[in-house]
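Given next are the chains, with one letter for each unit.
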Amino acid sequence: QVQLVESGGGLVQAGGSLRLSCAASGDIFRINAMAWYRQGPGKQRELVATITSDGSTNYADSVKGRFTISRDNAKMTVYLQMNSLKPEDTAVYHCGVDSYPLAPGQLPDYWGQGTQVTVSS
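This one's a predicted model, so the numbers in the text were calculated from it and none came from an experiment. (Residues numbered from 1 in each chain as written. Predicted model: local features only at pLDDT ≥ 70, side-chain atom pairs only at ≥ 80, totals over all residues. Heavy atoms only, no water.)

Caption draft 1: Geometry of the overall build of the chain. Scanning the chain from N- to C-terminus turns up zero helices and eleven strands. Reading the chain from its N end, one meets helices and strands in the order β-β-β-β-β-β-β-β-β-β-β. Radius of gyration (C-alpha) of the chain: 13 Å, near the 14 Å computed for a compact globule of 121 residues. Each principal axis of the C-alpha atoms in the chain carries an extent, and together these give about 40 × 25 × 25 Å. Looking at the chain residue by residue over its 121 residues, the buried ones come to 45%. (Helix = DSSP H or I, 4+ residues; strand = E, 2+ residues; numbered from the N terminus. Rg over C-alpha atoms; globule rule 2.2 N^0.38 Å. Buried < 20%, exposed > 50% of the residue type's maximum accessible area, 1.4 Å probe, protein only.)

Caption draft 2: Focus on the pairing of strand β1 (residues 2-7). The alternating pattern of β1 places Val2, Leu4 and Glu6 on a buried face, while none of Gln3, Val5 and Ser7, on the opposite face, is buried. When β1 meets strand β3 (residues 18-26), the two strands line up antiparallel, connected through six bridges. Paired with Leu4 across the bridge in β3 is Ala24. (Pairing = 2+ DSSP bridges.)

Caption draft 3: Spatial organisation of the packing of aromatic side chains. Evaluation of the coordinates by the stated rule reveals one aromatic pair. With 4.8 Å between their ring centres and 55° between their planes, Tyr37 and Trp111 make a pair best called tilted. Pair noted here: Tyr37 is in strand β4 (residues 33-39) and Trp111 is in strand β10 (residues 110-111), with a separation of 74 residues, a long-range link. Looking at Trp111, the relative accessible area reads 29%, which means it is partly exposed. Taking the ring centre of Tyr79 as reference, the NZ or CZ of Arg19 above it sits at 4.0 Å. (Phe/Tyr/Trp six-rings, centres within 6.5 Å; stacked < 30°, edge-to-face > 60°. Lys NZ or Arg CZ within 6 Å of the ring centre and 35° of its normal.)

Caption draft 4: Summary view of the sheet that holds strand β7 (residues 67-72). Within the open sheet, the four strands sit side by side as β1-β3-β8-β7. Their pairing is antiparallel. Here the strands that pair on one side only, and so sit at the sheet edges, are β1 and β7. Put simply, the sheet's adjacent strands are angled 15° from each other on average, direction ignored. Judged from the six bridges that link them, β7 and strand β8 (residues 77-82) form a sheet pairing that is antiparallel. Of the residues in β8, the one forming a bridge with Asp72 is Thr77. (Axes fitted to C-alpha atoms, helices over the stretch in contact; angles between N-to-C directions.)

Caption draft 5: Examining unusual backbone geometry more closely. Even without a glycine there, the phi angle at Met76 is positive, about 45°. Considering the arrangement of structural elements, one finds Met76 in the loop between β7 and β8. A positive phi angle, close to 50°, is found at Ser84, a residue other than glycine.

That's the geometry; what it means functionally is another story.
Next up, the structure:
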């Protein structure tokens, strides 16, 4: 089993920045892919960014150029640096991890509880 704990959410004005962290514990040797998802009010969950164990990244078009995903394998922690935030980025952000690279549309096996990000206009 893998446990995930997110932190770093909060309230920020449009144009501001936040950095989310997600620390994994438990059977961390299982972890390959790490990812961030979000679900805004009245919206479906969407993939924000993924990163594999070798550092390959993928981003949703809506966040490209503004968000950066990274990981520290020694700490088994994944980060999401969010810059130039917009009100439409308001959502609960969840991290997810999986033992394998995620195929398109595939959801991770393990999820965190989520952290709220609110961007005011």
